[in-house]
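In case you want the letters, here they are:
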Amino acid sequence: MKNKTTESISSTLFLTIKQAFAVNKNPLPWMKAFSAGICAGLPVLIGYLLGSLEYGLIAGLGGLTYLYVFNIPYAFRAKKLFFALIGLSIVMGLGTLVAPYPFLIALVVALIGSISTFLFGALRITGPAAIFFVLAFLMGTGMPVDPSLAPLRAGLVFLGGAFSWIIGMIGWFNNPHGPEKVAVKKVYDELAVFIESVGTEGFDSSKQKIRASLKSVEELLLSGYIPWRVSATFKRLVLLNEEANNVFLYVLENVGKLEGKMPNEIGATLRSISSKIDKNEQEIIPSLEVPDNRFAHLYAIVNEASMLLNEPLSNIQREISISKPSLRVVLGGAFDKNSVVFLNTIRYGSVLFVAAIIAQSFEFSRSYWVTLSCAAVLSGATIMGTFHRAIQRSLGTIIGILTATAILFFQPDGYVIAIAIFLLTFLTELAIVLNYGIAALFITPNALLLAESTTKIHDISYFASARVFDVLIGCAIGIIGTLIMNRKSAASIVPHTMAKTIRSQQQFFHTLFSKESSLIKPEYSRELSKMQTNLTNLKVVYTTALGEIPRDKGRLDRLYPAIRSIEQLGYLLDTSAKYKDRPILAESELSQMLLVFETMAKSAEKELAFSKKSIPEISGFNKIKTEVQRLQDSLCASGLKDE
């Protein structure tokens, strides 16, 4: 028995290490990597040429701003990068100010980590979240102590960040809606695959993929929406996305009537639309000829999408309807005791505070490496992700430290340091899409060069061993803290989150199909925002639960069909808000539907099977009825016992 247990532990450890260094099959971002290298290395070179390498290295920290560049609309990118550079400047100033006070260092770094984690999670912002703000703050505390230099150091970081902002926004001049075009193009390509999958075994997987893509593009377009300045190109992209939604919903509604495979010309036309989206010259896409009445409406929708590209931008008279929840509503939804974003915020800040206290309490030569390593480990989304980050950070850092030691051993001049920082940042950005462990090989020597290049290091072996020890201590604190604070928190609230989401769908359903819908605009309603927040939280909770140790995989697998159905129902309700010809249900039908939702919510919360309720007809929206029926079936199948 003991041998079997040992073998099981060894097998699990081997599998964890293997997963930690699995290489993702993602395209390499050559241009982004080159730009990131320029943003990090050029300020260092300029500082050296002007006679102050130290100032150049501080400005190079501002170059971290560029690492928050992703393929998002330029309208949103401009705001995101601006707040990133402001944040990096502020934390550098704070690091310089509180450097003489160890307890304040621990308190402030915990606050910085918590606030960054909360904002990135609540606003669903893609990027490295807290780690680089923590890095900039800790670098400020590790520099020669002189609080009077806080404005100067913050200003230098601001200059480096402003340069990164300019580099990040250059693409706006020749293609102001480039990211949106890429996203809508991808949707039409995936929609073509979805159409071609009708009647095949790949239909369900293709359906989930296109639904996720449509929702993702909708969020991306929403982030790029500027109410007072809607360009004709942006309007066309929004309308194209609406038509893609219409095609998807029509096929879902009528998939039972569409016998066998769909005509090949539908997929071919959708691909043709995709290929023309980013072309400046106008190319006419031929209209589809209807082969028989079964496909008449579907062909009309596809032809409508073609017309959006055939018509000059100035001739598109259709209006767009975009609802954007207020910042207060979004942040309020995340500031909840059952919100995973809120729980992650508490975990991140608390463990980081403990790591900083431990680092300050012992005589580490560069105590911030303990805290920084802990922050990097905590950025794992789940407990398993934290283990992966710890393994990646530890092994990658050891090799990275040897690289940095070799460079610093020769006491390089400013030119060599600037080139090394450029190359290491370039390689980091290439490697990060493949595996964090590979990227750590370049992150560590890069950070060491920024932090230690102006330090006279006399004992290279001591320097290397000290950094390795610091990193291992930080990783250990991150793992222990995560295990203590987050052991099974997500799994325990999955049922509650499911019930809460179903009840918010119930409220939004009432808004859509009652007399209330004529008094307010459902697409701008509080009920819609609440439903969207709960759907996002449910997805995060379930994903986090899958990564917890130990986990009840059988139970989570039983819940998955119901969760997938809840997400699909949310998508259908969200999309239905855009239609003006929704029916008003009779009081008896509405009451019956609300009873169905409440019964499902109680079933999800208590994990009980239940007697299925009859679902009334919803004229023109039977896809909602079908999905509610599927959700009832899934919840009954996942119930542990009968009522």
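Here the structure is a predicted model, which is why all the values come from computation and not from measurement. Per-chain numbering applies: the sequence of each chain, read as written, is numbered from 1 onward. Local features in this predicted model are restricted to residues of pLDDT 70 or higher, and side-chain atom pairs are both shown and tallied only at a pLDDT of 80 or more, whereas totals for entire chains, interfaces and linings draw on every residue. Excluded from the side-chain calculations are hydrogens and water; all other atoms, namely the structure's heavy atoms, are used.

Novice: Explain the overall build of the chain to me, and be specific about the residues and the numbers.
Specialist: To qualify as a helix, a DSSP run of H or I must reach at least 4 residues; to qualify as a strand, a run of E must reach at least 2; elements of each kind are numbered from the N terminus. The secondary structure content of the chain amounts to 24 helices and 0 strands. Three exposure classes are used, based on accessible area relative to the maximum for each residue type with a 1.4 Å probe and protein chains only: buried under 20%, partly exposed in between, and exposed over 50%. Classification of the 643 residues of the chain by burial places 54% in the buried group. For the chain, long-range pairs separated by at least 24 residues make up 81% of all intrachain contacts whose partners lie at least 6 apart in sequence. Pairs of residues are marked as contacts when any of their non-hydrogen atoms sit within 4.5 Å.

Novice: For the packing of aromatic side chains, give the residues involved together with the corresponding values.
Specialist: The criterion for an aromatic pair is that two Phe, Tyr or Trp rings (for Trp, the six-membered ring) have centres within 6.5 Å, with stacked assigned to planes under 30 degrees apart, edge-to-face to planes over 60 apart and tilted to the rest. Under the defined criterion, the tally for this structure stands at 18 aromatic pairs. Note on Y48 and Y415: the rings are 5.1 Å apart at their centroids and 75 degrees apart in plane angle, and the pair reads as edge-to-face. Of this pair, Y48 sits in helix α2 (residues 30–49) while Y415 sits in helix α17 (residues 414–432), and the two are 367 residues apart along the sequence. Relative accessible area serves as the criterion here: at 29%, Y48 is assigned to the partly exposed category. Joined through ring pairs, the aromatic side chains of W30, F34, F422 and F426 make up one cluster. For the cation-ring pair, K32 lies above F70, with the distance from its terminal atom to the ring centre recorded as 3.9 Å. Only lysine NZ and arginine CZ atoms are considered, and such an atom sits over a ring when it is within 6 Å of the ring centre and within 35 degrees of the ring normal.

Novice: So what's going on with the environment of I195? Residues and values would help.
Specialist: Within the secondary structure layout, I195 lies in helix α8 (residues 178–197). For I195, a relative accessible area of 0% corresponds to the buried category. The residues touching I195, leaving out its near neighbours within four places in the chain, are V247, V251, M262, I266, G267 and L270.

Novice: Break down the packing of helix α6 (residues 131–142) against helix α15 (residues 368–378) for me, citing the residues and quoting the values.
Specialist: Relative orientation and spacing of two packed helices are given, respectively, by the angle between their axes and the distance between those axes. It is the contact of α6 with α15, at a shortest axis distance of 10 Å, that shows an interaxial angle of 180 degrees. By the angle between their axes, α6 is roughly antiparallel relative to α15. For the pair α6 and α15, the contacting residues are I131, V134, L135, L138, M139 and G142 in the first and Y368, T371, L372, A375 and A376 in the second. Any residue that is not Ala, Val, Leu, Ile, Met, Phe, Trp, Tyr, Cys, Pro, Asp, Glu, Lys or Arg is counted as polar, Gly included; the first ten are nonpolar and the last four charged. In terms of residue class, the contact of α6 with α15 is built from 9 nonpolar, 2 polar and no charged. For helices, the axis comes from a line fit to the C-alpha atoms of the stretch in contact; other axes are also lines fit to C-alpha atoms, and the angle between any two N-to-C directions lies between 0 and 180 degrees. Roughly parallel means an angle under 35 degrees; roughly antiparallel means over 145; roughly perpendicular covers 65 to 115; every other angle is labelled oblique.

Novice: Can you break down the nonpolar core residue by residue, with the values?
Specialist: As a rule of thumb, nonpolar side chains are buried together in soluble globular proteins. Y188, M498, F509 and I624 are the most contacted members of the largest nonpolar core, which has 89 residues in total. By residue number, the principal contributor to this core is helix α10 (residues 232–254), which donates 12 residues. Core analysis: the second largest hydrophobic core is formed by 71 residues, V98, A136, W369 and L450 among them. Among buried residues, those of type Ala, Val, Leu, Ile, Met, Phe, Trp, Tyr and Cys that are joined through side-chain atoms within 4.5 Å constitute a nonpolar core.

Novice: If you had to explain helix α23 (residues 587–606) to someone new, which residues and values would you point to?
Specialist: Note that an α-helix has 3.6 residues per turn; residues three or four places apart therefore point the same way. Expected span of a helix: the number of residues minus one, times 1.5 Å. Look at α23: 29 Å from first C-alpha to last across 20 residues, which is about the 28 Å you get at 1.5 Å a residue. Buried within α23 we find L590, M593, V596, F597, T599, M600, A601, S603 and A604. One or two positions beyond α23, positive phi appears at E607, with a value near 55 degrees.

Novice: An account of unusual backbone geometry is needed here, citing residue identities and associated values.
Specialist: Its identity is not glycine, yet E607 carries a phi of approximately 55 degrees, on the positive side. When you line up the elements, E607 lands in the loop between α23 and α24 (622–638).

Novice: Can you lay out the environment of G570 for me, pointing to particular residues and giving the numbers?
Specialist: Within the element layout of this structure, G570 appears in helix α22 (residues 553–576). Spatially, the C-alpha atoms of G570 and T501 are 8.9 Å apart, while their sequence positions differ by 69 residues. With sequence-adjacent residues up to four places away left out, G570 is seen in contact with Q505, M531 and L535.

Novice: Explain the environment of G474 to me, and be specific about the residues and the numbers.
Specialist: Relative to the elements of secondary structure, G474 occurs in helix α19 (residues 460–485). Sequence-wise, G474 and A376 are 98 residues apart; in three dimensions their C-alpha atoms are separated by 9.0 Å.

Novice: Give me the lowdown on helix α12 (residues 296–310), citing residues and values where you can.
Specialist: The terminal C-alpha atoms of α12, which comprises 15 residues, lie 20 Å apart, in line with the 21 Å expected from a rise of 1.5 Å per residue. Among all positions in α12, only L298, Y299, I301, V302, N303, A305, S306, L308, L309 and N310 are buried. Here the buried face of α12 lies against α8, α10 and α11 (264–276).

Novice: Tell me about the side chain of Q568, and name the residues and values.
Specialist: If you trace the backbone, Q568 turns up in helix α22. When near neighbours in sequence (up to four residues on either side) are disregarded, Q568 contacts R211, F248, L252 and E627.

Novice: I'd like a rundown of the packing of helix α3 (residues 53–62) against helix α7 (residues 150–169), residues and numbers included.
Specialist: One can describe the packing of α3 onto α7 by two numbers: an axis separation of 6 Å at closest approach and a directional angle of 55 degrees. Here α3 lies oblique to α7, going by the angle between them. Judged by the sense of rotation from one axis to the other, the crossing of α3 with α7 is right-handed. Here α3 contributes Y55, I58, A59, L61 and G62 to the contact with α7, which in turn contributes L152, R153, L156, V157, G160, G161 and S164. Across the contact of α3 with α7, the residue classes tally to 7 nonpolar, 4 polar and 1 charged. For any pair of crossing helices, the crossing counts as left-handed if the nearer helix is rotated counterclockwise from the farther one by less than a right angle, and right-handed if it is rotated clockwise.

Novice: Requested: an account of a nonpolar patch on the surface, with residues and values cited.
Specialist: Grouping into patches uses exposed residues only, defined as over 30% relative accessible area, and leaves out salt-bridged ones; the cut-off is 9 Å for like charges and 5 Å for nonpolar side chains (Val, Leu, Ile, Met, Phe, Trp, Tyr). Accessible surface area values rest on a Shrake-Rupley calculation with a 1.4 Å probe, where residue burial reflects the displayed protein chains alone. Within this document, salt bridges are pairs made up of a side-chain nitrogen of Lys or Arg and a carboxyl oxygen of Asp or Glu, the two lying within 4 Å of each other. On the surface, Y101, F103, L104, L107, L111, I115, L119, L123 and L327 cluster together into a nonpolar patch covering about 820 Å² of accessible area. With 6 residues, helix α5 (residues 102–122) is the single largest residue contributor to the nonpolar patch. Positionally, Y101 belongs in the loop between α4 (74–98) and α5.

Novice: Help me get a handle on the confidence of the model for the chain, residues and values and all.
Specialist: Confidence scores here are pLDDT values: one per residue, from the predictor, ranging 0 to 100. Across the chain, the average pLDDT comes to 81, with 83% of residues at 70 or higher. Predicted confidence in the chain is weakest over helix α1 (residues 2–20), with a mean pLDDT of 54, and strongest over α7, with 95.

Novice: An account of the pattern of salt bridges is needed here, citing residue identities and associated values.
Specialist: Scanning the model with the defined rule gives 10 salt bridges in all. The salt bridge partner of E567 is R211, with a shortest N-O separation of 3.4 Å. One end of the pair, E567, is in helix α22; the other, R211, is in helix α9 (residues 203–223), with 356 residues separating them in the sequence. When its relative accessible area of 19% is taken as the criterion, E567 is described as buried. On the basis of relative accessible area, R211 is assigned to the buried category, the value being 10%. Between K612 and D633 there is a salt bridge; the shortest N-O distance is 2.7 Å. Placement of the pair is K612 in the loop between α23 and α24 and D633 in helix α24, with a sequence separation of 21 residues. We classify K612 as partly exposed; its relative accessible area is 48%. The exposure class assigned to D633 is partly exposed, which follows from its relative accessible area of 34%.

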